[in-house]
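Summary of structural features
If you want the building blocks of each chain, they are given just below.
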Amino acid sequence: MQQRREKEMVRGEAEAVVACSDKSMKIGATMWDLETGEKLLHIPTCASPPFGFLCLRNRFLVASQINKHGSIGDGAILVWPFNKPQQPLLNYTVEAVGPLCCTNDGIYLVGGALSGIAYLWNVTNGKLLKTWRAHNKSLNCMAFSDDDSFLISSSVDGTICVWSMISLLDIEETTSSPPSLHCLSGHTSSITGLLTIPNSILVSSSLDGTCKVWDFIYGRLVQTQVYLFAITSITLHQRERLLFCGMENGTIIVNKLDIGLKEGPSMGTVAQPLELKGQNGAISALTCSRACLISASEDCTIYIWDIFNWEVIHRFNLQKAGKVTNLVIVSRSALVSASKYETVSNKYYVSPLDKYPQLINSFKGTTTLLSLCPLHKGNQTCIDLRSSDLSRQKISSSQKADVPMSMTIQMKVETSIKNHVLATNMAEHVTVINKQLQSQLLNFIQHRLLCPNIINTHKTRRKKLKIQSLVREEKNLKP
């Protein structure tokens, strides 16, 4: 009875899972209801590499697209709105992008390329805010911290880098390479998963058979778990603090995530972990809902496990679909409200993503107004403001002449637009100053955290000097 109550409390709102593969674009992406197993949605012509598929605020599905040859031109990112999944927004990038990740509010999107270069977009207006070399080799996984203050990236060479979002959002230098906060080099093989937990905890897995727990603020290794087989995928149930590790032999290891209170790294094998068996191929993707574990294998099967009794609730067999590379959990309510986008007061739109970063120039007569209209109308409007000065000269030279109504309206519109541009530039300038102040504050906080004992050391030295002087005086006063 208690177990049933726990199930009802955890389940809450109905959820669905979306799966896509890396080879067959004819199969596309498919969505199933987690409770009934009913197929809810199918998106054709979708194939994505590992960690290249995500959901933006339960409104859009985003995928770094690949074809059967492993690439598509110079790279592309597709965006599907839930209300019109048959009309995706195609964004061409400079090069093929693999892993993707987004902030919790769905404002910022980051993509990693095979060249080791990372790209940062503001998806609401489409601006490419930053491009920088994050790693020397291909990026294969990316994740944000729980508060979106830090970006963690990993490479095929086993390195993990921690980046401050304050530094990345420096709009003055769009192509500069900001220094990383830390470079974590504990794995000896390719990274297969990154998980962030509150209190600055990072969990990473690798093909070297180890799962490591880090404090990414201090760059300190907290714990290492060693397994007999290569770890191909990991996921975490936040509520129950259950860590799931998918192995290359098809088993799933279940552990209670226990970070421990001991200082310094600890290492060892996990004592009698729970093993889930049933799938024959290597586990290619894992994710968790409120009450279920969803696993995908290279044998083209998807299992939905009940985390309370570890029974398989549903089993899906995707014949000739290729390896399932991504599993994403979405809310059923998003599908119901997808047809009511126009009536929602708090609208959230995605604009076409820029291919190259836009240089921030002073006002030169022409400006681009970014459109926040719906996805199927996501175009930009360019208005030439140079005619405003010419119109003013003509009017001043012939003040007695009658001014046509159309020119008067045009002049008012152009003047309003110019004032709007000047106000926008001033706001951006204030934003830059604010970010610089935040960066200085962050550096000050890091200095205080990393050097907390400097002040106490000075005070202790002063006390010691006073005590020594008193002792000397006493010795001098003695006969």
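The structure contained in this document is the topic of the report that follows. Since this is a predicted model, take the numbers as computed values, not measurements.

Rules of the game
Residues numbered from 1 in each chain as written. Predicted model: local features only at pLDDT ≥ 70, side-chain atom pairs only at ≥ 80, totals over all residues. Heavy atoms only, no water. Buried < 20%, exposed > 50% of the residue type's maximum accessible area, 1.4 Å probe, protein only. Helix = DSSP H or I, 4+ residues; strand = E, 2+ residues; numbered from the N terminus. Pairing = 2+ DSSP bridges. Axes fitted to C-alpha atoms, helices over the stretch in contact; angles between N-to-C directions. Phe/Tyr/Trp six-rings, centres within 6.5 Å; stacked < 30°, edge-to-face > 60°. Lys NZ or Arg CZ within 6 Å of the ring centre and 35° of its normal.

To continue, consider unusual backbone geometry. Its identity as a non-glycine residue notwithstanding, Asn 58 has a phi of 55 degrees, on the positive side. Judged by its relative accessible area of 27%, Asn 58 is partly exposed. Unlike most non-glycine residues, Asp 148 shows phi in positive territory, near 65 degrees. With respect to the helices and strands, Asp 148 occurs in the loop between strand E12 (139-144) and strand E13 (150-155).

Another point: the sheet that holds strand E2 (residues 29-33). Note: strands within a sheet are paired through backbone hydrogen bonds, in either parallel or antiparallel orientation. The strand order across the open sheet formed by four strands is E3-E2-E1-E29, and the pairing between neighbours is antiparallel. Two strands in the sheet have a free side with no partner beyond their single neighbour: strand E3 (39-43) and strand E29 (324-331). Direction aside, the axes of adjacent strands within the sheet are offset by 20 degrees on average. Direction of pairing for E2 relative to E3: antiparallel, over a ladder of four bridges. Bridging from a neighbouring strand, Thr 30 pairs with His 42 of E3.

The final tally for this structure, using the stated rule, is six aromatic pairs. On the numbers, 4.5 Å between centres and 15 degrees between planes, the contact of Trp 32 with Phe 316 is stacked. Linking Trp 32 in strand E2 with Phe 316 in strand E28 (residues 312-317), this pair joins segments that are 284 residues apart in sequence. For Trp 32, a relative accessible area of 6% corresponds to the buried category. Taking relative accessible area as the criterion, Phe 316 reaches 11% and is therefore assigned buried. Here the aromatic rings of Phe 150 and Phe 216 are separated by 5.8 Å at their centres, their planes lie at 65 degrees, and the arrangement is edge-to-face. With Phe 150 in strand E13 and Phe 216 in the loop between strand E18 (210-215) and strand E19 (220-226), this residue pair connects regions lying 66 residues apart in the sequence. A relative accessible area of 9% means that Phe 150 is categorised as buried. Using a relative accessible area of 2% as the deciding quantity, one classes Phe 216 as buried. A cation over a ring is seen here: Arg 315 above Tyr 303, with NZ or CZ 4.7 Å from the ring centre.

Another point: the pairing of E28. Looking at chain direction, strand E27 (residues 301-306) and E28 are connected through five bridges and run antiparallel. Of the residues in E28, the one forming a bridge with Tyr 303 is Arg 315. Between the antiparallel neighbours E27 and E28 lie five residues, among them Trp 310 with a positive phi of about 60 degrees.

Don't take any of this as a statement about function, it's just geometry.
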